[in-house]
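What follows is the residue order along each chain.
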Amino acid sequence: MSENKDQKFVYDFIEGNKDLKDLLGGKGANLAEMTNLGLPVPPGFTITTEACKVYLESGDEPVELRDEVSAHLDALEQKMGKKLGQADNPLLVSVRSGAKFSMPGMMDTVLNIGLSDKSVEGLAKQAGDERFAWDSYRRLIQMFGKTVLGVDGELFEEALDEAKSAKKVTIDTDLEAADLKKLVKLFKKIVKAEAGRDFPQDPREQMDLAIKAVFDSWNGDRAKLYRRQERIPHDLGTAVNVCSMVFGNLGPDSGTGVAFTRDPASGHQGVYGDYLQNAQGEDVVAGIRNTVPLADLESIDKKSYDQLMGIMETLENHYKDLCDIEFTIERGQLWMLQTRVGKRTAGAAFRIATQLVDQGLIDEAEALQRVNGAQLAQLMFPRFDDAAKVEQVGRGIAASPGAAVGKAVFDSYTAVKWSRSGEKVILIRRETNPDDLDGMIAAEGILTSRGGKTSHAAVVARGMGKTCVCGAEELEVDTKRRRMTVPGGQVVEEGDVVSIDGSTGKVYLGEVPVVPSPVVEYFEGRMHAGADDADELVQAVHRIMAYADRVRRLRVRANADNAEDALRARRFGAQGIGLCRTEHMFLGDRRQYVERLILADTDSEREGALEQLLPLQKNDFVELFEAMDGLPVTVRLLDPPLHEFLPDITELSVRVALAESRKEPHENELRLLQAVHRLHEQNPMLGLRGVRLGLVIPGLFTMQVRAIAEAAAQRIEAKGDPRAEIMIPLVGTVQELELVRDEAEQVIAEVQQRTGVELKLALGTMIELPRAAVTAGQIAEAAEFFSFGTNDLTQTVWGFSRDDVEASFFTAYLEKGIFGVSPFETIDKDGVGSLVRSAVEAGRATRPDIKLGVCGEHGGDPESVHFFHEVGLDYVSCSPFRIPVARLEAGRAAAQASGSDSR
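Owing to the predicted nature of the structure, the values given are computational and were not obtained by experimental measurement.

**Q** Help me understand helix α2 (residues 49-58) in this model?
**A** Structurally, the α-helix is built with 3.6 residues per turn, so residues lying three or four positions apart point the same way. Within the span of α2, buried status applies to Thr-49, Ala-51, Cys-52, Val-54 and Tyr-55. Taken from the residues just after α2, Gly-59 is the one with a positive phi, measuring 85 degrees.

In structure tokens:
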């Protein structure tokens with residue numbers, strides 16, 4: 001039941017436009033837009049996403065829907081001059097899904113609705129082609145049986161293969177009308193046996209059942225999996241498009257194809273796409289028959305080709321973006337079946353964005369919105385080494401770039417199973433279909449022997465940023481025997497390692513070594529964007545990054561613990577260090593000094609251990625301040641529990657037991673074992689760590705503060721410009737911070753007096769406990785800056801132990817939709833984010849000039865960066881490799897906010 005009786009659930013194509021995607025879905029909105037532009041679109045209508053939502057919530061269609069569909073069907077029949085499924089001159093329609101966001105192949109489509117035992121004869125007479133009519137009927141029963149009635153699609157495929165074998169032919173088009181009549185009878189028997197009912201002969205029943213099947217497909221397993229992968233909300237629903245059929249399978253003067261206004265793999269301008277004569281659209285996308293390049297259409301049908309080129313230019317100029325177009329030619333008449341802003345590879349996204357700026361179609365602000373951090377991160381992945389010795393065994397179509405290496409697997413189930421056990425795999429198929437989605441997600445890359453740039457494998461892989469090579473025809477893929485035969489007869493068995501290059505289409509045996517990407521070389525300063533050898537991609541990245549840096553408000557710092565990482569981060573564009581973890585400076589050879597500190601029984605022993613650590617810490621900070629000269633460096637005082645610096649309890653117990661059995665000296669091991677037992681905690685991450693260590697172990701934090709202060713003084717004496725910030729971890733109450741701050745200020749004053757150097761060292765804290773966030777206004781009285789430690793804050797807000805929960809139940813939570821994405825990957829805006837927001841407001845209310853940042857790994861997550869911009873942080877800090885991503889997303893966040901303000 002619908003709540004609003006005046007609600008309209010069906011729109012004719014002439015009633016909508018491209019801005020109604022929420023209501024009409026992407027396909028319906030764009031069909032309406034093309035109709036409004038006067039392009040040749042077959043007449044039809046769209047059932048809205050609102051109707052789908054009612055159906056999914058109540059289990060039944062809105063009561064008004066049937067009457068609305070009937071009214072629009074009557075209008076369509078009058079426009080076409082024939083009725084749905086009438087015996088002598090039948091109107092046939094397609095029923096297609098169409099959600100707001102493109103979900104290629106994930107939901108259902110049924111073509112040729114209206115055909116029956118009677119109307120197939122009328123279609124044959126109307127078309128003057130008996131074979132065409134029976135081929136169309138065969139297709140309807142096959143698609144309807146699988147999609148609407150739930151019959152296993154393999155049963156139809158096997159029957160089709162047997163018919164071709166009996167005829168001694170290899171392609172569908174070689175079957176004659178008599179063969180197809182036999183197939184129709186066989187297909188109907190399959191439907192009866194598997195579905196428990198006859199194939200419906202009433203055309204309206206066919207259409208109504210198909211509409212419900214499309215609604216149901218929104219909640220199909222593959223659709224839900226795709227939405228989780230692409231982070232598409234689950235409550236949007238899908239529209240349904242009912243469109244009068246046009247036929248590409250009427251003979252050699254008919255056909256179907258997919259076109260792109262630019263190459264979706266590279267971004268280069270030209271004629272890109274696939275065309276298939278005497279076929280229907282599903283044949284192209286499925287990759288079952290190999291297509292010809294779109295450019296060949298010029299010699300096949302010059303008139304349609306020229307018209308298509310003009311329409312492609314019109315659409316790109318209208319949408320101001322790369323357009324993905326589906327079309328059919330029916331006996332020389334071109335029809336447009338769909339357009340949408342096309343999915344593209346990461347490299348193509350950057351190239352196209354700058355090309356459109358140069359053409360004057362968009363401005364720099366819009367170009368910045370056309371790319372994202374995930375795409376930039378993909379461009380930073382390594383590529384195959386051209387100088388390596390390789391064994392190339394094939395070449396296909398470069399469908400989605402990247403360098404992928406893994407063990408060969410030949411079905412989706414194995415890909416998922418092996419991937420979960422830690423194996424890297426390459427999914428190899430003759431062609432993929434929507435049921436392969438989970439395997440495609442699990443694999444490092446996809447290789448198919450059939451299909452082109454517009455096949456299912458290519459389109460889905462590009463959308464996921466997954467390496468893909470399609471249409472490697474010289475490779476013989478045998479999925480049943482789990483093997484692939486390469487030219488020369490060599491066999492690749494399941495488990496053998498293969499390498500695929502999605503940028504060139506080349507396929508190699510074995511593991512091919514990789515080298516850094518040119519984009520990384522650019523960020524590291526080894527390639528200048530203006531140099532002669534800088535490729536077009538690097539230049540495009542440079543231009544967009546330069547604009548992002550100009551407009552962003554958020555500064556970007558690095559999480560770095562040594563001078564080497566700091567220098568690399570600075571080359572990547574870091575504007576300081578937001579987190580230097582001093583515990584990393586106590587590892588390796590220095591662990592012995594920490595052990596002495598832990599084992600100290602007297603004040604003098606403890607002070608001796610600290611005196612040994614002091615010069616080592618000081619030298620570390622001198623190097624770090626020199627690397628980041630003139631930029632802020634936030635040094636976190638010791639945070640983890642002390643037991644992490646001691647040997648493992650099991651290892652120590654064994655050593656002590658062996659020493660006792662051999663009557664060997666083991667006093668030190670015994671003391672260490674006693675210390676491990678003494679320091680043992682049931683939940684050490686909530687025990688003696690952070691600020692608690694500094695308050696319980698005298699001299700520990702003062703030693704670290706002294707090392708920082710002396711290092712800063714030394715750099716100032718050397719004419720440097722150190723900008724150190726001292727951060728106290730795990731503070732839960734302002735009293736803790738005040739006690740540590742008092743001690744730190746005394747040490748800093750003492751170093752100033754002794755060296756004669758004025759020091760300006762900021763003192764602040766991490767906000768990583770819920771209580772700290774709730775009492776941020778009080779804590780700000782003693783803190784000059786906050787840095788949100790969102791890793792621990794997420795753990796403490798959710799009550800999660802990250803090391804345990806990610807392995808134990810996160811997969812189930814993601815599959816059940818409890819999480820859209822792990823809260824450790826993207827900030828939980830409603831929970832953790834709410835605390836961050838309130839702490840920002842309270843901190844600034846107390847201290848208006850307080851500096852606010854984030855140093856958890858969320859600082860490099862694209863979606864989280866937008867949230868941190870929104871709540872008003874001053875900077876984000878992340879690992880060095882993620883700095884370019886954070887810079888880009890900070891720019892995008894600022895540009896989006898500016899665009900919203902201007903509207």
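**Q** Teacher, can you tell me more about a nonpolar patch on the surface here?
**A** Judged by side-chain polarity, Leu-695, Val-696 and Leu-739 come together as a nonpolar surface patch covering roughly 270 Å² of accessible area. Of note, Leu-695 is situated in helix α26 (residues 691-696).

**Q** Can you help me understand the packing of helix α22 (residues 591-599) against helix α23 (residues 603-627) in this one?
**A** A pair of packed helices is characterised by two quantities: the angle between their axes and the separation of those axes. Contact pair α22 / α23: the axes reach a minimum separation of 8 Å and the direction vectors enclose 155 degrees. Relative to α23, the element α22 is oriented roughly antiparallel. Every pair of crossing elements has a handedness; the one defined by α22 and α23 is left-handed. Where α22 approaches α23, its residues Tyr-593, Arg-596, Leu-597 and Leu-599 are matched on the opposing element by Glu-605, Arg-606, Ala-609, Leu-610, Gln-612, Leu-613 and Leu-616. When grouped by side-chain class, the residues that make up the contact of α22 with α23 number 7 nonpolar, 1 polar and 3 charged.

**Q** Please clarify how a negative patch on the surface should be interpreted in this entry.
**A** Negative charge collects at one region of the surface, where Asp-152, Glu-154, Glu-158, Glu-162 and Glu-194 lie side by side. The biggest single contributor to the negative patch is helix α6 (residues 153-167), with 3 residues. Looking at where Glu-162 falls in the secondary structure, it is placed in helix α6. You can call Glu-162 exposed: its relative accessible area is 55%.

**Q** Would you take a moment to explain the pairing of strand β3 (residues 93-99) for this structure?
**A** Two faces belong to every sheet, and in a regular strand the side chains alternate between them. Burial runs high along β3: 7 of the 7 residues are buried. Side-chain alternation along β3 places Val-93, Val-95, Ser-97 and Ala-99 on one buried face and Ser-94, Arg-96 and Gly-98 on a second face that is also buried. Where β3 meets strand β4 (residues 109-113), 3 bridges bridge the pair, whose relative direction is antiparallel. Paired with Val-95 across the bridge in β4 is Val-110.

**Q** Looking at this model, I keep getting lost on the nonpolar core. Mind explaining?
**A** The nonpolar side chains of soluble globular proteins are, as a tendency, buried together. Ranked by internal contacts, the top residues of the largest apolar core, which has 133 residues, are Phe-350, Leu-376, Val-541, Ile-728 and Phe-786. Per-element tally for this core: the top contributor is helix α27 (residues 700-717), with 10 residues. Contact partners of Leu-376, with chain neighbours within four places excluded, come to Phe-350, Val-519, Phe-523, Val-541, Met-545, Pro-884, Val-885 and Leu-888. Ranked by size, the runner-up nonpolar core spans 59 residues in total, among them Leu-92, Val-110, Leu-111 and Ala-159.

**Q** Would you explain the pairing of strand β16 (residues 445-448) in this entry?
**A** By the alternation rule, side chains of β16 split into Gly-445 and Leu-447 and Ile-446 and Thr-448, which are all buried. Of the strand pairs in this sheet, strand β15 (residues 425-429) and β16 are connected by 4 bridges, and their pairing is parallel. Its bridge partner lying in β16, Leu-427 is registered against Ile-446.

**Q** Looking at this structure, I do not really get the pattern of salt bridges. What am I missing?
**A** Side chains bearing opposite charge may pair, as long as their charged atoms lie close to each other. According to the stated counting rule, one finds 57 salt bridges in the structure shown. The salt bridge partner of Arg-557 is Glu-725, with a shortest N-O separation of 3.2 Å. Here the residue Arg-557 occupies a position in strand β24 (residues 555-559), and Glu-725 occupies one in strand β27 (residues 723-728), the gap between them amounting to 168 residues. Arg-892 is the salt-bridge partner of Glu-889, the closest N and O atoms lying 2.9 Å from each other.

**Q** What is the right way to read the sheet that holds β27 from this model?
**A** The strands that make up a sheet pair up through hydrogen bonds in the backbone, lying either parallel or antiparallel. Read around the closed barrel, the 8 strands follow the order β24-β25-β26-β27-β28-β29-β30-β31; overall the barrel is parallel. For this sheet, the mean angle separating the axes of adjacent strands, direction not counted, is 25 degrees. Against the sheet, α23 makes contact with β25 (577-581), β26 (632-636) and β27, and its axis sits at roughly 150 degrees relative to β26, the strand it touches most.

**Q** I would appreciate a short explanation of the packing of helix α5 (residues 130-147) against α6 in the present structure.
**A** Where α5 meets α6, the closest approach of the two axes is 8 Å, and the angle between their N-to-C directions is 155 degrees. Comparing their axes, α6 and α5 come out roughly antiparallel. The residues of α6 that touch α5, namely those facing Arg-138, Ile-141, Gln-142, Gly-145 and Lys-146, are Gly-153, Phe-156, Glu-157 and Leu-160.

**Q** When you look at the sheet that holds strand β1 (residues 10-12) in this model, what are you seeing that I'm missing?
**A** The strand order across the open sheet built from 5 strands is β1-β2-β5-β3-β4, with neighbouring strands paired in antiparallel fashion. The strands lining the two open edges of the sheet, one partner per strand, are β1 and β4. Ignoring strand direction, the axes of neighbouring strands in this sheet form an average angle of 20 degrees. Across 4 bridges, the pairing between strand β2 (residues 44-47) and strand β5 (residues 238-244) is antiparallel. By the bridge assignment for β5, Gly-44 is matched with Cys-243.

**Q** What is the right way to look at helix α13 (residues 346-358) in this model?
**A** The end-to-end C-alpha distance of α13 is 19 Å, a good match for the 18 Å that 13 residues give at a rise of 1.5 Å each. Of all 13 residues making up α13, 11 are buried, and the element is well covered by its neighbours. When we look at burial in α13, the residues that qualify are Ala-346, Gly-347, Ala-348, Ala-349, Phe-350, Arg-351, Ile-352, Ala-353, Thr-354, Gln-355 and Leu-356. Count one or two residues on from α13 and you reach Gly-360, which has phi positive near 80 degrees.

**Q** In this structure, what is going on with the side chain of Asp-828? I would like to understand it.
**A** Along the chain, Asp-828 turns up in the loop between α33 (810-815) and α34 (832-846). Although Asp-828 is buried, it makes no salt bridge; Lys-829 carries the closest opposite charge, 9.6 Å away. There is a polar contact of 3.2 Å between the side chain of Asp-828 and the side chain of Trp-798. Setting aside chain neighbours within four positions, we find Asp-828 in contact with Trp-798, Pro-823 and Gly-833.

**Q** What should I look at first to understand the state of the cysteines in this one?
**A** Simply put, the disulfide is a covalent bond whose two ends are the sulfur atoms of two cysteines. Scanning the entire structure with this criterion turns up 0 disulfides. Lacking any disulfide linkage, Cys-52 is separated from the closest cysteine sulfur, that of Cys-243, by 19 Å. Residue class for Cys-52 comes out buried when judged on its relative accessible area of 0%. Left unpaired, Cys-468 is separated from the closest cysteine sulfur, that of Cys-470, by 3.5 Å.

**Q** What exactly am I supposed to notice about the packing of aromatic side chains here?
**A** Geometrically, a pair of aromatic rings is defined through the distance of the ring centres and the angle of the planes. Tallying each qualifying case throughout the model produces 25 aromatic pairs. Plain terms: the ring middles of Trp-134 and Tyr-137 are 6.0 Å apart, the flat faces sit at 50 degrees to each other, and that makes the pair tilted. Residue Trp-134 and its partner Tyr-137 are both found in helix α5; the two are separated by 3 residues, about one turn of the helix. For Trp-134, a relative accessible area of 9% corresponds to the buried category. Ring centres of Phe-572 and Phe-881 lie 6.4 Å apart, and the angle between their planes is 50 degrees; on these two criteria the pair is classed as tilted. Of this pair, Phe-572 sits in the loop between α21 (563-571) and β25 while Phe-881 sits in the loop between β31 (875-878) and α36 (883-902), and the two are 309 residues apart along the sequence. Overall, the relative accessible area of 0% leaves Phe-572 in the buried class. A residue is classified by how much of its surface remains accessible, and Phe-881, at 32% relative accessible area, is partly exposed. What links up through ring pairs into an aromatic cluster is the set Trp-798, Phe-800, Phe-809, Phe-810, Tyr-813, Phe-819 and Phe-824.

Calculation notes
- The numbering scheme is per chain: residues are counted from 1 as the chain's sequence reads.
- Predicted model: local features are reported for residues with pLDDT of at least 70 only, side-chain atom pairs are reported and counted for 80 or more only, and whole-chain, interface and lining totals are derived from all residues.
- Hydrogens are left out, water is left out, and the side-chain values use all remaining heavy atoms of the structure.
- Summary of the burial criterion: residues with accessible area below 20% of their type's maximum are buried, those above 50% are exposed, and those between are partly exposed, where the area comes from a 1.4 Å probe applied to protein chains only.
- A run of DSSP states H or I qualifies as a helix once it reaches four residues; a run of E qualifies as a strand once it reaches two. Both are numbered from the N-terminal end.
- Exposure above 30% relative accessible area and no salt bridge define the residues that can form patches, which grow by joining like charges within 9 Å and nonpolar side chains of Val, Leu, Ile, Met, Phe, Trp and Tyr within 5 Å.
- Residue burial considers only the protein chains on display, and all accessible areas are found by Shrake-Rupley using a 1.4 Å probe.
- For this analysis, a salt bridge means a side-chain nitrogen from Lys or Arg found within 4 Å of a carboxyl oxygen belonging to Asp or Glu.
- Note on geometry: axes are C-alpha line fits, over the in-contact stretch for helices, and angles between N-to-C directions span 0 to 180 degrees.
- If an angle is under 35 degrees, it is roughly parallel; if it is over 145, roughly antiparallel; if it lies from 65 to 115, roughly perpendicular; otherwise it is oblique.
- It is the rotation of the near helix from the far one that decides the hand of a crossing: anticlockwise by less than a right angle makes it left-handed, clockwise makes it right-handed.
- For this analysis, residues touch if any pair of their heavy atoms sits within 4.5 Å.
- Residues are grouped as follows: nonpolar covers Ala, Val, Leu, Ile, Met, Phe, Trp, Tyr, Cys and Pro; charged covers Asp, Glu, Lys and Arg; every other residue, Gly included, is treated as polar.
- When charges are counted, Lys and Arg are positive and Asp and Glu negative, with His and the chain ends excluded.
- Charge positions are represented by NZ for Lys, CZ for Arg, CG for Asp and CD for Glu.
- Here, any two strands with at least 2 DSSP bridges between them count as paired.
- Take the buried residues of types Ala, Val, Leu, Ile, Met, Phe, Trp, Tyr and Cys, join any two whose side-chain atoms come within 4.5 Å, and each joined set is a nonpolar core.
- Each helix should span, by expectation, one fewer than its residue count multiplied by 1.5 Å.
- Pairing of N or O atoms within 3.5 Å defines a polar contact, subject to two protein rules: one partner must be a possible hydrogen donor and the other a possible acceptor, and residues neighboring in sequence count only if both atoms are side-chain atoms.
- Here, the term disulfide refers to a pair of cysteine sulfur atoms separated by no more than 2.5 Å.
- When two rings of Phe, Tyr or Trp (its six-membered ring) have centres within 6.5 Å they constitute a pair, described as stacked for plane angles under 30 degrees, edge-to-face for angles over 60, and tilted for the intermediate range.

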